[in-house]
Amino acid sequence: MQQDPTLQLQALHDDLDLLKNAIETEDHDTAEQIVASHDQRLRHYIHTHGVGATADALQALLAQQQAVTVRMRELRDQAAAQLRSERQSNRAASAYVQAGTLA
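The shown structure was predicted, so the numbers you read here are calculated from the model rather than taken from an experiment.

Visitor: What am I meant to see in the pattern of salt bridges here?
Guide: Where side chains of opposite charge bring their charged atoms close, a pairing between them can arise. Applying the stated criterion across every chain yields a total of five salt bridges. Here Asp-15 and Arg-41 are joined by a salt bridge, their closest N and O atoms 2.8 Å apart. You can see Asp-15 sitting in helix 1 (residues 5-24) and its partner Arg-41 sitting in helix 2 (residues 28-49), a full 26 residues away along the chain. In this structure Asp-15 comes out as buried when scored by relative accessible area, which is 5%. By relative accessible area, which is 33% here, Arg-41 ends up partly exposed. Between Asp-39 and Arg-43 there is a salt bridge; the shortest N-O distance is 2.9 Å. One end of the pair, Asp-39, and the other, Arg-43, are both in helix 2, four residues apart, so they sit about a helical turn from each other. Overall, Arg-43 belongs to the exposed group, its relative accessible area being 57%. Where salt bridges share partners, they join Glu-24, Arg-71 and Glu-74 into one cluster.

Visitor: Help me understand the layout of surface pockets in this model?
Guide: Any empty space left between atoms is shown by rolling a water-sized probe over those atoms. The calculated volume of the largest pocket comes to roughly 310 Å³. Forming the boundary of the largest pocket are Leu-19, Ile-23, Glu-24, Glu-26, His-28, Ala-31, Val-35, Met-72, Leu-75, Arg-76, Gln-78 and Ala-79. Those elements giving two or more residues to the lining of the largest pocket turn out to be helix 1, helix 2 and helix 3 (55-102). Counting residues per element, the lining of the largest pocket draws most heavily on helix 3, at five residues. Residue composition of the lining of the largest pocket, grouped by class: seven nonpolar, two polar and three charged.

Visitor: Help me understand helix 2 in this model?
Guide: Along an α-helix, a turn takes 3.6 residues, which lines up residues three or four apart on a common side. Helix length check: helix 2, at 22 residues, gives a terminal C-alpha distance of 31 Å against a target of 32 Å (1.5 Å per residue), a fit within 8%. Those residues of helix 2 lying buried are Ala-31, Ile-34, His-38, Leu-42, Tyr-45 and His-49. Down the axis of helix 2, the buried set is contained in an arc of 65°. They therefore lie on one face. What points out from helix 2, more than 90 degrees from its buried face, is the exposed set Asp-29, Glu-32, Gln-33, Gln-40, Arg-43 and His-47.

Thresholds applied
Residues numbered from 1 in each chain as written. Predicted model: local features only at pLDDT ≥ 70, side-chain atom pairs only at ≥ 80, totals over all residues. Heavy atoms only, no water. Salt bridge = Lys/Arg side-chain N within 4 Å of Asp/Glu carboxyl O. Helix = DSSP H or I, 4+ residues; strand = E, 2+ residues; numbered from the N terminus. Buried < 20%, exposed > 50% of the residue type's maximum accessible area, 1.4 Å probe, protein only. 1 Å grid on protein atoms, 1.4 Å probe; cavity = no way out; pocket = protein on both sides within 12 Å on 5 of 7 lines; lining within 4 Å. Points joined across faces, edges and corners; volume = space filled by probe spheres on them. Nonpolar A, V, L, I, M, F, W, Y, C, P; charged D, E, K, R; others polar. Expected span 1.5 Å × (residues − 1). Arc of directions from axis to C-beta.

Rendered as structure tokens:
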């Protein structure tokens, strides 16, 4: 028995909502599991309904996926900036300590 395509599509959207929440709460293990199951669910949906899937439905899903991807990039960039700042602080502290020992 095939599942209703509308329900399958809603489950894909729900996956992305759960993924966004997992990313925001830095629950990386859950995010990884969601991505894996979402990939399987999406592949099944496309295999089952590929040519019969409406373009509008797939475009809406793609837009949601892109929004999650944008957020992931933002968080990555914030983390990179934090790491750069911490490295710069550590270098400054080391230089300060070294200058103090030379005096």
